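Listed below are the residues making up each chain.
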Amino acid sequence: MTKTVLFDLDGTLLDTERDFTHILNAQLSHYGLPTVNPLQVRNSVSSGARALIKLGFGIDESSDKFIPHLEELLKRYDKRILQTECVLFPGIVDLLNALERDLIPWGIVTNKPSRFTLPLVEKFPILQSSKVVICADQLSNSKPDPEGILRACSEMDCSPADTFYVGDHLKDIQASDSAGTKSMAVRWGYIPEDSPIDSWNADFIITHPDEILDLAQQ
């Protein structure tokens, strides 16, 4: 039976931390607030832009400043995406090339909106080989809901039972489990300090991309 591999984007395929550190610190500096370091961003960014506002401004969603700060951050990211400094994680190019070589179909399912995702996919030729790119704004529900994974399986005409979903956050594993796919948690991603990867109950914990290929070939 042919296996299929679906990937989260940020923290799994792409290291986007530099962009988020840059835009958040630029915003904080604008308000005369202390900046944050890359490690703090890595510990927060998998939970989305809202988590970055909480990190940088020390406020929660009950604050009347939360949404304006969030909208400003996203506008800054809109501008930044055109000059992104993001890179593919080590080993990802070799992995994706090997999946292509072995005729193992793969796709992307991300909570990132299309307006940010598609320019990044266009920047990296290897990502353009993805059979599907499912973004948050194409769905009614984001991860940890399984809707995106199930839509990808439907569009790729593959069985969830024969599909792996690869991610770097607990919500990725929860979405995979709910979809009936096999979950892979990657150690190189943006793992929150308060949510250790070994506690997620993923089907597989991956240290290097080569391990994904080995499992997909079985």
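Residues numbered from 1 in each chain as written. Predicted model: local features only at pLDDT ≥ 70, side-chain atom pairs only at ≥ 80, totals over all residues. Heavy atoms only, no water.

**Q** What should I look at first to understand the environment of Gln-174 in this one?
**A** In this structure, Gln-174 sits in helix α8 (residues 170–179). According to the relative accessible area criterion, Gln-174 is partly exposed, its value standing at 35%. Separated by 28 residues in sequence, Gln-174 and Ala-202 have C-alpha atoms that sit 8.6 Å apart. (Helix = DSSP H or I, 4+ residues; strand = E, 2+ residues; numbered from the N terminus. Buried < 20%, exposed > 50% of the residue type's maximum accessible area, 1.4 Å probe, protein only.)

**Q** Mind showing me how you'd approach the side chain of Thr-21 here?
**A** Within the secondary structure layout, Thr-21 lies in helix α1 (residues 17–30). A distance of 2.6 Å separates a polar atom in the side chain of Thr-21 from a polar atom in the side chain of Glu-17. Beyond its immediate sequence surroundings of up to four residues, Thr-21 is in contact with Val-36, Pro-38 and Val-41. (Polar contact = N/O pair within 3.5 Å; in protein donor to acceptor, adjacent residues only side chain to side chain. Contact = heavy atoms within 4.5 Å.)

**Q** Just checking my understanding: could you explain the pairing of strand β6 (residues 163–167) for this structure?
**A** The side chains of a regular strand alternate between the sheet's two faces. The buried fraction of β6 is high, at five of five residues. Side chains Thr-163, Tyr-165 and Gly-167 project from β6 onto one buried face, and the interleaved Phe-164 and Val-166 project onto a second face that is buried too. The sheet contact formed by strand β1 (residues 4–7) and β6 spans four bridges and is parallel. Bridging across to β6, Val-5 finds its partner in Phe-164. Relative to strand β7 (residues 182–186), β6 runs parallel, the two sharing four bridges. By the bridge assignment for β7, Val-166 is matched with Met-184. Handedness of the crossover is the feature at issue here: the chain leaves β6, passes through α8, returns alongside β7, and the resulting connection is right-handed. (Pairing = 2+ DSSP bridges. Right-handed = clockwise from strand over helix to strand, strands pointing away.)

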